[in-house]
Every structure is written in C-alpha cells, then in structure tokens.
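Residues per chain, in single letters:
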Amino acid sequence: MRIPLYIRFVFFALAIIIIFYALVVANFILVPLALGFLIAILLLPVSRFFENLGIARILAVILSILFVIIILTVVSFAIGMLIRNLAQDIPQIGEKLLKVGKDLQSYFEEKLNVEPQLQFDYIRDSIGGIVEQGSDFFTDTLSATASIFTFGVILLLSVFFFIYYRNFFLEFLYKVFPESLHDKLSNLLIETKKAVTGYISGLLLMMLTVGTLNGLGLWILGIDYAILWGALSGLLAVIPYIGVTIGGILPMLYALIAMDSLLYPLGVIGVFGFVQFLEGNFITPNIMSNRVSLNPFAVIIAIFIGESIWGIAGIILFIPYLAILKNVLDEFESTKPFGFLLGNPSETKGEKNNSLFKKLKKATGFDKEE
C-alpha cells in the first residue's frame, strides 16, 4: 500500500524539526565533532606521509596534529604581538578620542543648541551601559572557560580518532550499506574528500589573498598596524560575502580616531571596497571554482541557518557540509533534483563561468586558445 503524499510530507517535516532540534540541543558535542571531521580529512595526507616514512600510525597522527598546533601557535603569537603593540598606543588614541569628543560637543552646542549638561548626561549613561555590558561579557567569558577547554579536548580527540581509526570507520560504513551500494559509497567518499580539501584549501588561499591585499593597501595609505588590520580582514573573510566588509570597520574607525585627516578613513573604505570588488568578481570565482559547486542563494541560506543553530561555528561549518550533502544527493537518482537545486546554475547547464573575470577575458581576447 502506497503511503499518501500528505502523510509523507508530515513525516518529512517532523524529521526536519527533530534534526534541527538535535543540532541545537547537542551543539556542545556536535560542533567539535563536525570541525574535527573536516580537520581530520585535511590532515589525512600529512598522516599518510609520516606513515610512509615508517612511523607508527599513532605517532604519525600525533605529529600531524602537532604540526597544525605549531602553525596556529605561531600565527596566534604573531597577531598577539601586533595587538600588544596597538595596546601600547591606546593612551594616545584616548587623547585623540577625547579631542574628537570635545569637537563634537562644540558642534552640538553651536549647531543644534544642545546644552553641555545634556550631552554629558547622555555620554555618562552610554558609558555606564557599555561598562555594564563589558562586565557581563567578562563574567560570561570566565564562565565559558570550562566550555572552551571541553571543546578543545573533544576536538583534539575527534581529530585523533577519526584519523587513527579511519579504516575501522570505513569498514563500519560498508557494513551499514548493502553491497549493491558499495560502488556509490566509494565514489561518494572520494567526492566528499575532494569537496572538503578543495573548500578548505581554497578558503585558506582566499583568506591569505584578501588579507595580503588589504594589508598592502593600508600600508600604501600609511595607516598604522596595516599588517594587523590585513590579518584580521583575512580571518574574517571566512564569512562569505560580508566578511571583508566587516573586516574594514575596525581600521576605518582607527583611521577616523587616530589620523589627522578624514581622507584616511575614506581611503580605508576605498581599499576595502576595492578588495571586496576583487574578492567577489576575481578571487572567489577563480579560487573556489570547481571546488565547491554551490549556488550563492544556497550558501546564503546555509549561513543564516548555521548562524541561528551554531552561531559563528555554524557559519563556517555549514557550507562544507552543504557541499557534502550535495554530493550525497547527486549519487542517487531519486535525490538528484535536490542536488541540482543546490548546484551552480551555470555549471549544471554546462555553461562557462559568467564571472566578470571571464567576461573581461572574452572581451580582450585572452580566452582564445592558441
């Protein structure tokens, strides 16, 4: 007996609700596991390299993890030193900020007839609210220390065991699925590995490119701590479409307060706007093409859903897992239409990439083969 369509729809909707509820409730364990799985796939070639040298697998896995920890430590130390240098200039920045405040006070008094006492009361209340929020943030940060430690432990353990027991997990998957689906499963595992490694390697290259361009532009403008602002913008570029814009807010505010002319903050806006243009039309389409074939609308929806479920971690993790989901959907005839829906329209039709870079090459004749 065939189940009616409306009953299947109800069961499908209930399944979606249960899945989302589980993702929210179990985020403390699912987030490090999800991140650990992606890192394990990325570190698998490194571990295999050490294993091919004759090193025992357990030591190879540990060396692979230590390799990443050392790189992250060096990067964190370098950024920390830059932030420390910036912190030493905070008193001077405070003096300039006080001067800006006095200028604004004079402006409001002369142009808007706002009495100094009213301005003082408003500023006092605002500062009081900021201090109260800062106190709450500090308290929340202290209470979250144990959670951060737990997150790190689960993450390290998940990376270790995903790599060390990789054959065991593969055997489990082949036992779960019937033998008739083993070929599809093998192809799916290969495509999943390609999607994850391609996305992460492309993302790192894009972050490095964006950070370098922003830092170079700020250095040419003469903005202090250009390397720091460039590094922060590169890190924030992990957020698709809006990360570069967010990364420009801090250096713009710094230039507005610390520099003597309004041309500097306008220059910062110009630099980040230009890099945003390059990122959207040149960098991302050419670095990320053929790595993660997802249409922008699906990516934006994944970002909003990920942020609502897992916060910042969801913004980062939901995109590669959406690419994995697309690979799964593409493997089965009954779900191929949904994989098609998630894919890039120009690529699914077999058309050429329609980015501005491609159009410029076509217009100038550089796309012609010799």
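Residues numbered from 1 in each chain as written. Predicted model: local features only at pLDDT ≥ 70, side-chain atom pairs only at ≥ 80, totals over all residues. Heavy atoms only, no water.

**Student:** It is not clear to me how a nonpolar patch on the surface should be interpreted in this structure. Could you clarify?
**Tutor:** There is a patch of nonpolar side chains on the surface, built from I242, I246, I249, L250, L253, L256, L262, L263, L266 and I269 and spanning about 950 Å² of accessible area. Taken together, the elements giving at least two residues each to the nonpolar patch come down to α11 (249-258) and α12 (263-287). Counting residues per element, the nonpolar patch draws most heavily on α11, which supplies 4 residues. By the secondary structure assignment, L262 is in the loop between α11 and α12. On the basis of relative accessible area, L262 is assigned to the exposed category, the value being 58%. (Patch = residues over 30% accessible without salt bridge, like charges linked within 9 Å, V, L, I, M, F, W, Y side chains within 5 Å. Areas by Shrake-Rupley, 256 points an atom, 1.4 Å probe, with all protein chains shown as cover. Salt bridge = Lys/Arg side-chain N within 4 Å of Asp/Glu carboxyl O. Helix = DSSP H or I, 4+ residues; strand = E, 2+ residues; numbered from the N terminus. Buried < 20%, exposed > 50% of the residue type's maximum accessible area, 1.4 Å probe, protein only.)

**Student:** So what exactly am I meant to see when it comes to helix α8 (residues 182-221) here?
**Tutor:** Along an α-helix, a turn takes 3.6 residues, which lines up residues three or four apart on a common side. A rise of 1.5 Å per residue sets the reference length of α8, with its 40 residues, at 58 Å; its end C-alpha atoms lie 58 Å apart and thus fit the reference within 8%. Just past α8, the residue G222 takes up positive phi, approximately 90 degrees. (Expected span 1.5 Å × (residues − 1).)

**Student:** Explain the packing of aromatic side chains to me, please; I cannot follow it from the model alone.
**Tutor:** Using the criterion set out here, one finds 13 aromatic pairs in the structure. Measuring from centroid to centroid gives 6.0 Å for Y225 and Y254, while their planes differ by 75 degrees, and the two rings are edge-to-face. With Y225 in the loop between α8 and α9 (226-236) and Y254 in helix α11, the pair connects residues that are 29 residues apart, well separated along the chain. Judged by its relative accessible area of 8%, Y254 falls in the buried class. Between W310 and F318 the ring centres are 5.4 Å apart and the planes differ by 90 degrees, which places this aromatic pair in the edge-to-face class. Classification of F318 by relative accessible area gives buried; the value is 17%. Linked through ring pairs, F37, F160, F161, F162, Y164, Y165, F168, F169 and Y321 together constitute an aromatic cluster. (Phe/Tyr/Trp six-rings, centres within 6.5 Å; stacked < 30°, edge-to-face > 60°.)

**Student:** What's the story with the nonpolar core in this structure? I'm lost.
**Tutor:** If you look at soluble globular proteins, the nonpolar side chains tend to sit buried side by side. Ranked by internal contacts, the top residues of the largest apolar core, which has 50 residues, are V210, L218, I223, W229, Y254, L294 and W310. At the level of elements, α2 (27-52), α3 (57-88), α8, α9, α11, α12, α13 (296-310) and α14 (312-331) are the ones that each hand at least two residues to this core. The element best represented in this core is α8, accounting for 9 residues. Contact partners of I223, with chain neighbours within four places excluded, come to L218, W229, Y254, A255, M259, Y264 and V268. (Core = buried A, V, L, I, M, F, W, Y, C linked by side-chain atoms within 4.5 Å. Contact = heavy atoms within 4.5 Å.)

**Student:** I keep staring at the packing of α13 against α14 and nothing clicks. Help me out?
**Tutor:** Each packed pair of helices is defined by two parameters, the angle between the axes and the distance between the axes. Axis separation between α13 and α14 bottoms out at 7 Å; the angle between their running directions is 135 degrees. When the interaxial angle is binned, α13 and α14 end up oblique. Once α13 is placed against α14, the crossing between them reads as right-handed. The segment α13 lies against α14, with A298, V299, A302, I303, I305, G306, E307, I309 and W310 engaging I312, A313, G314, I315, L317, F318, I319 and L322. (Axes fitted to C-alpha atoms, helices over the stretch in contact; angles between N-to-C directions. Parallel < 35°, antiparallel > 145°, perpendicular 65-115°, else oblique. Left-handed = near helix turned anticlockwise from the far one by under 90°.)

**Student:** Looking at this structure, I do not really get the environment of I29. What am I missing?
**Tutor:** By secondary structure assignment, the location of I29 is in helix α2. Between the alpha carbons of I29 and T150 there is a distance of 9.2 Å; along the sequence they are 121 residues apart.

**Student:** Hey, could you run me through the side chain of N214 in this one?
**Tutor:** By the element assignment, N214 lies in helix α8. Beyond its immediate stretch of four places on either side in the chain, N214 contacts G230, S233, V244, V271, F272 and V275.

**Student:** Explanation requested: the packing of α2 against α3 in the structure shown.
**Tutor:** Orientation of α2 relative to α3, taken along the N-to-C sense of each, is 130 degrees, at an axis distance of 8 Å. When the axes of α2 and α3 are compared, the pair comes out oblique. For the crossing formed where α2 meets α3, the hand is right-handed. Only R57, A60, V61, L63, S64, I65 and V68 of α3 make contact with α2, whose side of the interface consists of L43, V46, S47, F50 and E51. Residues of the contact of α2 with α3, tallied by class, amount to 8 nonpolar, 2 polar and 2 charged. (Nonpolar A, V, L, I, M, F, W, Y, C, P; charged D, E, K, R; others polar.)

**Student:** What is the right way to look at the confidence of the model for the protein chain in this model?
**Tutor:** Caution applies to low-pLDDT regions: their predicted coordinates should not be interpreted in detail. Summing up the model confidence of the protein chain, the mean pLDDT is 78 and the portion of residues at 70 or higher is 74%. Contacts for the low-pLDDT stretch residues 140-144, under 50 throughout, to residues beyond four places or in other chains number 0 contacts. Confidence drops under pLDDT 50 across residues 348-355; counting only partners more than four residues distant or on other chains, this segment forms 11 contacts. (pLDDT = per-residue confidence, 0-100.)

**Student:** Got a minute to help me understand the environment of S233 in this structure?
**Tutor:** Looking at where S233 falls in the secondary structure, it is placed in helix α9. For the pair formed by S233 and L208, sequence separation is 25 residues and the distance between their alpha carbons is 9.5 Å. Residues in contact with S233, not counting those within four places in the same chain, are V210, G211, N214, G247 and F272.

**Student:** When you look at the pattern of salt bridges in this model, what are you seeing that I'm missing?
**Tutor:** Pairing of side chains with opposite charge becomes possible as their charged atoms draw close. One pass over the structure, following the stated rule, counts 4 salt bridges. Among the salt bridges present, the one from E51 reaches R57, with a minimum N-O distance of 3.7 Å. With a closest N to O distance of 3.2 Å, K336 and E333 form a salt bridge. One salt-bridge network, in which partners are shared between bridges, spans E51, R57 and R166.

**Student:** Please explain the side chain of E51 as it appears in this structure.
**Tutor:** Checked against the element boundaries, E51 lands in helix α2. Of the polar contacts made by the side chain of E51, one reaches the side chain of R166; its length is 2.9 Å. Aside from chain neighbours lying at most four places away, what touches E51 is R57, A60 and R166. (Polar contact = N/O pair within 3.5 Å; in protein donor to acceptor, adjacent residues only side chain to side chain.)

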